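Residues per chain, in single letters:
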Amino acid sequence: MNKPAGSEIRVASPLKAWASRFALLLLVGAAFGLMLIGRTNTFIVEETRTAVTDMVTPILDAVSQPVDTFSGIIDQAESFTRLSTENQALKEQNARLLQWQAVAHRLEAENAALRSLSNMVPDPAMTYVTARVVGDPGGAFVRTVLINAGARNGVEKGQAAVTGDGLAGRIAEVGQRSARVLLLTDINSRVPVVVGAARDRAVLAGDNTNAPELLYLGPTAKVQVGDRVTTSGHGGVFPPGLPIGVVSGVSEKGIRVKPFVDWAHMEVLRIVDYEMTGILDFEAQVGAARAAAAAGTEQ
Amino acid sequence: MRQEEGVWHRLDVVARSISPFFVTLLLVLLGLVPLRIADLSPIVPALALIGVFFWSVHRPDLMPIWAVFLIGLLQDLLTGSVIGPGIVGLLIAHALVVWQRRFFLAASFAVIWCAFMLVAAAALAVTWLLNCIALLAYVDPASLFFQYLVTMAFYPCLAWAFLRGQRLFQR
């Protein structure tokens with residue numbers, strides 16, 4: 001290639017500088033535009049997001065499997081070193097749990113008898129979809145994970161995601177073969193809960209730290225460290241009674257809850273399909289009513 | 001035969017010129033893989049920032065500003081955060097490097113690493129501020145600070161790998 005003559009350079013470089021400055025302003029402006037769209041029209045953003053997530057989930061699925069295998073091997077090696085102490089602890093726990101099982105059987109029978117006496121409406125049945133955690137963005141701004149199950153597996157927006165330990169979060173976005181779970185600790189997460197034996201109502205609000213905060217607790221409520229926190233079922237999104245965690249700190253600055261879920265070993269999530277007419281169905285009902293109204297005016 | 005060589009040569013040139021973009025996209029994906037290590041998730045390094053900075057310094061012709069925008073967009077879409085702050089952060093890192101072009105031309109590795117500390121601090125600070133505004137909430141910057149430190153520590157490793165790759169390509 002020929003080198004450009006001196007005069008061409010003199011003309012080209014200010015032009016180039018202008019063009020690059022313009023491009024920077026344009027793209028920063030576009031980014032701010034996207035930010036605004038994200039706040040006002042969440043539908044478009046969500047659609048795009050789920051489409052992109054659907055595309056990369058198969059890749060993440062493939063990559064995360066060897067990572068899982070590797071971390072599994074490390075876990076196993078670790079557990080070998082403390083087999084005997086663990087065995088002892090498990091035996092003690094087993095003995096204790098057998099007692100609890102007897103109590104649970106008795107209570108279940110009693111509960112069934114009382115329900116039949118009082119003609120109580122039975123809770124809707126629960127079904128589960130089990131999915132692997134394939135993506136964890138990390139960082140300071142979000143607490144979400146991606147799972148490798150989506151609409152085609154029966155996952156729906158708003159469903160609860162649980163591990164064996166307790167509630168982990170809820171489904172925030174659903175693609176065809178992937179879904180995003182908003183964890184309890186995310187800054188956007190709000191879960192209606194009941195606290196302690198007194199079953200005081202409150203809202204568990206995440207703030208991107210490991211210990212979410214209890215908000216809107218009644219003035220008469222007495223909360224102590226160690227109180228159990230479970231879902232209340234209010235709002236109809238989550239089934240009531242899912243274990244969440246224990247109160248870990250009570251201070252002037254607020255009441256903190258330590259979730260039961262082991263975030264580092266959350267490899268598989270169970271998505272609870274709790275067939276209940278909650279807020280999401282309400283949205284559908286409103287939509288249907290509007291459609292009906294629109295059809296009525298057309299006629 | 002000559003024709004074939006021409007095709008291969010052209011493919012080679014294309015592959016070389018788009019590899020920085022695709023490697024940085026790969027870094028975005030890599031940042032999403034769950035590592036199952038306790039307490040690591042909140043402080044994962046900002047890998048895309050490293051990629052964008054490295055190629056803006058060493059091959060600005062192969063990391064144009066629209067590529068930076070696309071990388072930022074994909075990152076914000078995939079991480080599930082607000083769309084925008086991450087893009088602006090990367091664009092600022094790119095713009096700072098382009099602005100100080102002459103300085104980077106003569107700089108040694110250690111100096112570039114020090115410059116990365118400043119550029120990354122500016123980019124992450126802007127990302128944090130915009131996130132706080134978009135979420136209408138105060139996000140605790142503590143984990144971002146640790147994320148920043150981890151990113152600093154990761155830079156030499158990744159830069160070394162990129163330089164190796166570049167030399168391999170140039171042979």
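Rules of the game
Residues numbered from 1 in each chain as written. Chains lettered and ligands numbered in written order. Predicted model: local features only at pLDDT ≥ 70, side-chain atom pairs only at ≥ 80, totals over all residues. Helix = DSSP H or I, 4+ residues; strand = E, 2+ residues; numbered from the N terminus. Buried ≥ 20, exposed ≤ 12 C-beta atoms within 10 Å, placed from the backbone. Pairing = 2+ DSSP bridges. pLDDT = per-residue confidence, 0-100. Core = buried A, V, L, I, M, F, W, Y, C linked by C-beta atoms within 7 Å. Domains from an automatic or database assignment. Contact = placed C-beta atoms within 7 Å.

## Digging into the overall build of chain A
(1) Moving on: When its secondary structure is counted, chain A shows 4 helices and 12 strands.
(2) Moving on: Counting only residues that meet the buried cut, chain A has 29% of its 299 residues in that class.

## Quick notes on the pairing of strand E10 (residues 243-251) of chain A
Residue and element names in this part refer to chain A.
(1) Moving on: With 3 bridges joining them, strand E9 (residues 228-231) and E10 adopt antiparallel strand pairing. Within E10, the position partnered with Val229 by the bridge is Gly245.
(2) Moving on: Hairpin connection between E10 and strand E11 (residues 254-259): a loop of 2 residues separates the two successive antiparallel strands.

## Remarks on the confidence of the model for chain B
(1) Moving on: Per-residue confidence for chain B averages 88 on the pLDDT scale, and 95% of its residues sit at or above 70.
(2) Moving on: Model confidence for the complex: the whole-complex pTM is 0.81, and ipTM, which rates the interface, is 0.85.

## What about the nonpolar core?
(1) Moving on: Val181(A) and Leu91(B) are the most contacted members of the largest nonpolar core, which totals 97 residues.
(2) Moving on: For this core, the element with the most residues is helix H2 (residues 47-58) of chain B, which contributes 9 residues.
(3) Moving on: Each of domain 1 (15-67) and domain 3 (126-277) of chain A accounts for three or more of the residues forming this core.
(4) Moving on: Among all residues touching Val181(A), those that are not within four sequence positions of it are Thr144(A), Val145(A), Ile147(A), Ala161(A), Ala168(A), Gly169(A), Arg170(A), Ile171(A), Ala172(A) and Leu269(A).

## A few points about the environment of Ala264(A)
(1) Moving on: Tracing the backbone through its elements, the reader meets Ala264(A) in the loop between E11 and strand E12 (268-274).
(2) Moving on: On the neighbour-count criterion, Ala264(A) (15 C-beta atoms within 10 Å) is partly exposed.
(3) Moving on: Sequence spacing of Ala264(A) and Val225(A) is 39 residues, and the spatial spacing of their C-alpha atoms is 24 Å.
(4) Moving on: For Ala264(A), the residues in contact, after removing those within four places along its chain, are Arg36(B), Ile37(B) and Ala38(B).

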